[in-house]
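# Results of the structural survey
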Amino acid sequence: MFTKTVFPVKDATVVPVTNQNESFPVNRIFCVGRNYMAHAAEMGISIDKSTQKPFYFLKNADTYVQSGSKVKYPLQTQNYHHEIELILAIGKAGKNIKAEQAFEYIYGYACGLDMTRRDIQLKLRDEGKPWDLGKNFPQSAVMSDLVLKQDIKVDVNQVHIELRVNGKTVQSSNTKNFIWNIGEILEDLSMYYELQPGDLIFTGTPEGVGPVVIGDILQGSVEGIAEINLEIV
Ligand code: MN
């Protein structure tokens, strides 16, 4: 066996965990595509839950950036958007998970931003092409530290979620407005992938997405779970 590599192996992506000495190594980052009716509507899409299923895209683990960072305005976009989201962290492997058992597989939660090159994403969408160039790029998965599920006193399916840009509230909703709740997401996604410890799931953004520019200060929160802040540079 060769033990030397042709270039150094990159360090794993790890997310700090609040009040713990151990950090959480990131495996995959799944994102739910449209999970709030009012956000789907502002994207020009109507959703009928009785006939439609959730869909997903992925980000590479190394797109992670910690809350508090200065986030660089990305390449090749003129319409760089914020999407505040509740994030689930998986702590136990499982496939064909039932919605009622979903919480057993969750390690903890975070608050984050699915940063998006909207002009590129919409062009790809309208051409029927994959969204990767619009969604999966450096520093596009902004996250607070994780909070252990045992440390959370709120019902994560009914918490306020909001984002302020330069102090002005631009996104404000509640996770009770999810089209597919946390149990339904894990049940559906785990039919296609055996979920693994280290997987993260961005659960979708509410309405009010919009552009940010260099110098903007973003502050977001999921009530009772975590807060996030960053500056675009
Ligand atoms: Mn999103």
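Details of the structure are given in the entry above.
Residues numbered from 1 in each chain as written. Predicted model: local features only at pLDDT ≥ 70, side-chain atom pairs only at ≥ 80, totals over all residues. Heavy atoms only, no water.

### Some points on the sheet that holds strand E13 (residues 160-165)
Here 5 strands make up an open sheet; going across it, the order is E6-E18-E17-E13-E14 and the pairing mixed. The strands lining the two open edges of the sheet, one partner per strand, are strand E6 (70-71) and strand E14 (168-174). Judged from the 6 bridges that link them, E13 and E14 form a sheet pairing that is antiparallel. Residue Leu163 lies in a different strand from E14, and its bridge partner there is Gln171. (Pairing = 2+ DSSP bridges. Helix = DSSP H or I, 4+ residues; strand = E, 2+ residues; numbered from the N terminus.)

### Some words on the packing of aromatic side chains
The relation between two aromatic rings is expressed through the spacing of the ring centres and the mutual angle of the planes. Scanning the entire structure with this criterion turns up 7 aromatic pairs. Here the aromatic rings of Phe24 and Tyr107 are separated by 5.3 Å at their centres, their planes lie at 35°, and the arrangement is tilted. Highlighted residues: Phe24 in strand E2 (residues 24-25) and Tyr107 in strand E9 (residues 106-114), separated in sequence by 83 residues. Lying across the ring of Tyr105, Lys92 places its NZ or CZ 4.6 Å from the centre. Here Arg117 stacks its cationic end above the ring of Phe137, 4.4 Å away from the centre of that ring. (Phe/Tyr/Trp six-rings, centres within 6.5 Å; stacked < 30°, edge-to-face > 60°. Lys NZ or Arg CZ within 6 Å of the ring centre and 35° of its normal.)

### Things to note about the coordination of the manganese ion
Looking at the manganese ion, the protein donor atoms are Glu83 (OE), Glu85 (OE) and Asp114 (OD), and they sit 2.0 to 2.1 Å from it. Positions of the donor residues of the manganese ion, expressed as sequence spacing, correspond to E-x1-E-x28-D. On the criterion of sequence distance, the pair formed by Glu83 in the loop between strand E7 (80-82) and strand E8 (84-90) and Asp114 in strand E9 is long-range, its members being 31 residues apart. For the pair Glu83 and Asp114, a shared accessibility class is recorded, and that class is buried. (Donors = N, O, S within 2.8 Å, 3.2 Å for Na, K, Ca; no water. Buried < 20%, exposed > 50% of the residue type's maximum accessible area, 1.4 Å probe, protein only.)

### Regarding a nonpolar patch on the surface
A cluster of nonpolar side chains, namely Leu58, Met191, Tyr192 and Tyr193, defines an oily patch on the protein surface of about 400 Å² accessible area. Tracing the backbone shows Tyr193 in the loop between helix H4 (182-192) and strand E15 (200-202). (Patch = residues over 30% accessible without salt bridge, like charges linked within 9 Å, V, L, I, M, F, W, Y side chains within 5 Å. Areas by Shrake-Rupley, 256 points an atom, 1.4 Å probe, with all protein chains shown as cover. Salt bridge = Lys/Arg side-chain N within 4 Å of Asp/Glu carboxyl O.)

### A closer look at the side chain of Glu162
Structurally, Glu162 can be placed in strand E13. Within the structure, Glu162 has its side chain in polar contact with the side chain of His160 (distance 3.0 Å). Those residues in contact with Glu162 that lie beyond four places of it in its chain are Ile84, Thr169, Gln171, Ser172, Gln219, Gly220 and Ser221. (Polar contact = N/O pair within 3.5 Å; in protein donor to acceptor, adjacent residues only side chain to side chain. Contact = heavy atoms within 4.5 Å.)

### Here we look at the sheet that holds strand E16 (residues 210-211)
In spatial order, the strands read E10-E7-E16; together these 3 strands make up an open sheet with antiparallel pairing. Edge positions in the open sheet fall to strand E10 (116-117) and E16, since each of these has one partner strand only. Of the strand pairs in this sheet, E7 and E16 are connected by 2 bridges, and their pairing is antiparallel. Bridged to His82 within E16 is Gly210.

### Quick notes on unusual backbone geometry
Unlike most non-glycine residues, Asn19 shows phi in positive territory, near 65°. Checked against the element boundaries, Asn19 lands in the loop between strand E1 (14-15) and E2. On the accessibility criterion, Asn19 (71% relative accessible area) is exposed. A positive phi angle, near 50°, is found at Asn96, a position not held by glycine. Mapped onto the secondary structure, Asn96 falls in the loop between E8 and E9. Residue Asn96 is classed as partly exposed on the basis of its relative accessible area, which comes to 48%.

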